[in-house]
Amino acid sequence: MTSLKNDTFLRALLKQPVEYTPIWMMRQAGRYLPEYKATRAKAGSFLDLCKNTELATEVTIQPLDRFDLDAAILFSDILTVPDAMGLGLYFAEGEGPKFERALQHEADIAKLHVPDMEKLQYVFDAVTSIRKALDGRVPLIGFSGSPFTLACYMVEGGGSKEFRTIKTMMYSRPDLLHKILDTNAQAVAAYLNAQIDAGAQAVQIFDTWGGVLSDAAFKEFSLKYIRQIVAGLKRESEGRRVPVIVFAKGGGLWLESMAEIGADALGLDWACNIGEARRRVGNQVALQGNFDPSALFGTPESIRTEAARILADYGHGSGHVFNLGHGINQHADPEHAKILVDTVHELSWQYHGG
């Protein structure tokens, strides 16, 4: 593999000295970019795009050609793992992801098993292809959904606003949900390790729906299994550490608990102050975040002001990777995203060095 020309992102995750605050954006390869829409149209469908090595590589690189980003993230979907478990993933037009076979019966849950990673070879092929195309420009991030977030889709059969089906299972048959979560944790660890073997230089676990849980339930049904994954991950590849980021949307209540599970960094949504979060976790982990994606609908001046505020709130020293507090909105103006990236680079120098 080609050596890295810009490793600022990796150094910041490990709280090593950096010259400026690095930035990437969750969902940076996506529908807000006209070039992405063109490539997706060429692919035919979202899943076909994920499974086409050449096109998945193309859309991963697109935002890097437009913005001065410090990391690339694999173009894929969190639901590739349950799809490989045989649940029949499909995307209904205008409705988001759905599964043909939701996990709602004890007999089906008993048969659930960790999938053969060969079924996900298209993901690992994409990782290797992207690394080659990047040619050392910036590091490549691999990712997966958390066990609980994956289980939400697997049990509900798709997206949900109330999570009634999975919460009913959680409170009435917790043994069934624990079976699903343990299987998911084993699968995610194997999946992320295979991404690392294929060339991913950092990995992120997305716990998108952990924040819908009560305090006790989050620790028992989400955090426990993320900890299990982190403990099973390869932490070194190509002679350097592979940092692990854990992002829990709505997870600000549990920062102290999350900081103790062995990850290198925690992702923050926009609801908590990053300076306050830094004080709460101390030197245990780096922090990633936490610009509200909707703030990109503001004016250029308001975008600069908000970026400056977050940088100032974090303050001096390494350990901050600038990011959005969740994925970029499909209606965001790419020019506004450019203003954000450039502003972070221009203003963050003052918080680093002597």
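Visitor: So what exactly am I meant to see when it comes to the packing of aromatic side chains here?
Guide: Overall, the coordinates contain eleven aromatic pairs when judged by the stated rule. Taken together, a centroid distance of 5.5 Å and an interplanar angle of 40° make the contact between Tyr-20 and Trp-349 tilted. In this pair, Tyr-20 is assigned in the loop between helix H1 (8-13) and helix H2 (34-43) and Trp-349 in the segment after helix H15 (334-348), connecting sequence segments 329 residues apart. Taking the relative accessible area as the measure of exposure, Trp-349 reaches 47% and is therefore partly exposed. Geometrically, the ring pair formed by Phe-163 and Trp-209 is tilted, given 5.1 Å between the ring centres and 55° between the ring planes. With Phe-163 in the loop between helix H8 (147-156) and helix H9 (164-172) and Trp-209 in the loop between strand S5 (202-207) and helix H11 (215-231), this pair connects stretches of sequence that are 46 residues apart. Of the residues examined, Phe-163 reaches a relative accessible area of 4% and is grouped as buried. Owing to a relative accessible area of 23%, Trp-209 belongs among the partly exposed residues under this scheme.

Visitor: Before we go on, may I ask you to explain the packing of H2 against helix H4 (residues 53-66) in this structure?
Guide: One way to put it is that H2 packs onto H4 with a least axis distance of 10 Å and a crossing angle of 170°. Taken together, the axes of H2 and H4 lie roughly antiparallel to each other. Counting all contacts with H2, which are made through Pro-34, Glu-35, Tyr-36, Thr-39, Lys-42 and Ala-43, the residues of H4 involved are Leu-55, Glu-58, Val-59, Gln-62 and Arg-66. Here the residues of the contact of H2 with H4 are counted per class, giving five nonpolar, two polar and four charged.

Visitor: Where do I start with the sheet that holds strand S11 (residues 320-324) in this structure?
Guide: Hydrogen bonds along the backbone pair up the strands of a sheet, which may run parallel or antiparallel. Spatial strand order, S1-S4-S5-S8-S9-S10-S11: seven strands in an open sheet with parallel pairing. Here the strands that pair on one side only, and so sit at the sheet edges, are strand S1 (72-73) and S11. Relative to S5, strand S4 (residues 140-145) runs parallel, the two sharing five bridges. For Gly-142, the partnering residue across the bridge sits in S5 and is Val-203. Sitting on the sheet, helix H13 (residues 274-281) touches strand S9 (265-267), strand S10 (286-291) and S11, and the angle it makes with S10 is about 160°. Contacting S10 and S11, helix H14 (residues 300-314) runs over the sheet at an angle of about 155° to S10.

Visitor: Mind showing me how you'd approach the layout of surface pockets here?
Guide: Using a probe with the size of a water molecule, rolled over the atoms, empty space left in the structure can be pinpointed. Volume-wise, the largest pocket comes out at about 1,400 Å³. Lining of the largest pocket is provided by 39 residues; of these, Arg-27, Arg-31, Phe-46, Asp-77 and Phe-91 occupy positions nearest its centre. Of all the elements in the fold, those that place two or more residues in the lining of the largest pocket are H2, helix H3 (46-51), strand S2 (89-92) and strand S3 (96-99). A class-by-class count of the residues in the lining of the largest pocket yields 19 nonpolar, 13 polar and seven charged. As for the second largest pocket, its lining consists of Met-85, Gly-86, Leu-87, Arg-101, Ala-102, Leu-103, Asp-108, Lys-111, Leu-112 and His-113. Elements with a contribution of two residues or more to the lining of the second largest pocket: helix H5 (80-87) and helix H6 (106-111). Here the lining of the second largest pocket is composed, by residue class, of five nonpolar, two polar and three charged.

Analysis parameters
Residues numbered from 1 in each chain as written. Predicted model: local features only at pLDDT ≥ 70, side-chain atom pairs only at ≥ 80, totals over all residues. Heavy atoms only, no water. Phe/Tyr/Trp six-rings, centres within 6.5 Å; stacked < 30°, edge-to-face > 60°. Helix = DSSP H or I, 4+ residues; strand = E, 2+ residues; numbered from the N terminus. Buried < 20%, exposed > 50% of the residue type's maximum accessible area, 1.4 Å probe, protein only. Axes fitted to C-alpha atoms, helices over the stretch in contact; angles between N-to-C directions. Parallel < 35°, antiparallel > 145°, perpendicular 65-115°, else oblique. Contact = heavy atoms within 4.5 Å. Nonpolar A, V, L, I, M, F, W, Y, C, P; charged D, E, K, R; others polar. Pairing = 2+ DSSP bridges. 1 Å grid on protein atoms, 1.4 Å probe; cavity = no way out; pocket = protein on both sides within 12 Å on 5 of 7 lines; lining within 4 Å. Points joined across faces, edges and corners; volume = space filled by probe spheres on them.

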